[in-house]
Structures are given as C-alpha cells and as structure tokens.
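What the coordinates show
Given next are the chains, with one letter for each unit.
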Amino acid sequence: MALNPFRTKFRKQQRGRNRGFATRGDTLAFGDFGIQTLDRSAITGQQIEAARVAINRYFNRRGKVWVRIFPQKPFTKKPAETRQGKGKGNVEGWVAVVKPGTVLFEVSGVPASLAREAMRLADTKLPIHCRFITRENA
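Let us look at the structure shown here. None of the values given here were measured: they were computed from a predicted structure.

**Side note on the packing of aromatic side chains**
Within the structure shown, the criterion is met by 2 aromatic pairs. Residues Phe30 and Trp66 carry aromatic rings whose centres are separated by 5.8 Å and whose planes lie at 15 degrees to one another, so their mutual orientation is stacked. One end of the pair, Phe30, is in the segment before β1 (33-37); the other, Trp66, is in strand β3 (residues 64-67), with 36 residues separating them in the sequence. The exposure class assigned to Phe30 is partly exposed, which follows from its relative accessible area of 48%. Judged by centre distance (5.7 Å) and plane angle (20 degrees), the ring pair of Phe33 and Phe132 falls under stacked. Note that Phe33 is positioned in strand β1 and Phe132 in strand β7 (residues 130-134), a separation of 99 residues in sequence. With relative accessibility at 11%, the residue Phe33 sits in the buried group. Its end group placed over the ring of Phe21, Arg40 keeps NZ or CZ at 5.8 Å from the ring centre.

This is the structure in structure tokens:
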C-alpha cells in the first residue's frame, strides 16, 4: 500500500528547489530514538512504507513507531518513447521532500541496541544517508 494524499487542491506541481537545512521537524518530538537525514532528496511513498515495514518486522510488535514525513508532492513522468513537448506528463507517484536534519522515523519502548538495528534496516530501504539519534545527543 503506497502512501498518498486523499485529495489535493491541484493535480500537478512544479518541481521547485530543495535548498537549505531543515528548521522544522529536526528534533525528536515523540520517541526516544530516531533517524535523521544527512542528505536532501525526495523520498517516495513506497520507500517510506518499505522502511516502516522493515522497522515493524524487526520489532516483532514491540515498541511504538512514528513516521514523521508524508509524501504530499506529486511527481510526473512522460511515457516511454514519447517525443518532447505536448504538455506535462501524468502524475506517477508522490514524494516527501526532505532537507538535511529532518527526522524521518521515531521509536520508543525498545532497548537502544534494538532501535539502532531497526533504524539501520530502515536506512537501507531509503535513497539517502541517515544517522541514528537519541534523546540525549539530539
């Protein structure tokens, strides 16, 4: 199941720029441990869901997981072997635009060693480099 908004005001958006560092969503708000991005990127709903599933599978129904990002920006793609022009392509999926410092996932209710390994597994599912943070060093 891919993440996407129920409804939006407009169907397509321009790409925009992703400059600067995260000023909001850059500290732990809910859990004791989390992963924080070190790169800037657009993370798709499928990648977020794959990372969430990896964390939950490793925890075996223990602890609590918070997903701090949501894919609310549509990205479009032209069909294969199509000439240039003739307007913008159809919406292909949804992405969450993240800047360095954004907290992606938070967990609590599990030991630090378990949380670190679960976050490492989640990091392998994502297209960016992340670091493990705790409430003490955040």
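Once you've had a look at it, read on.
**Focus: the environment of Arg7**
Here Arg7 shows up in the segment before β1. On the accessibility criterion, Arg7 (72% relative accessible area) is exposed. Each C-alpha atom of the pair Arg7 and Arg24 lies 24 Å from the other, and the pair is 17 residues apart in sequence.

Cut-offs applied
Residues numbered from 1 in each chain as written. Predicted model: local features only at pLDDT ≥ 70, side-chain atom pairs only at ≥ 80, totals over all residues. Heavy atoms only, no water. Phe/Tyr/Trp six-rings, centres within 6.5 Å; stacked < 30°, edge-to-face > 60°. Helix = DSSP H or I, 4+ residues; strand = E, 2+ residues; numbered from the N terminus. Buried < 20%, exposed > 50% of the residue type's maximum accessible area, 1.4 Å probe, protein only. Lys NZ or Arg CZ within 6 Å of the ring centre and 35° of its normal.

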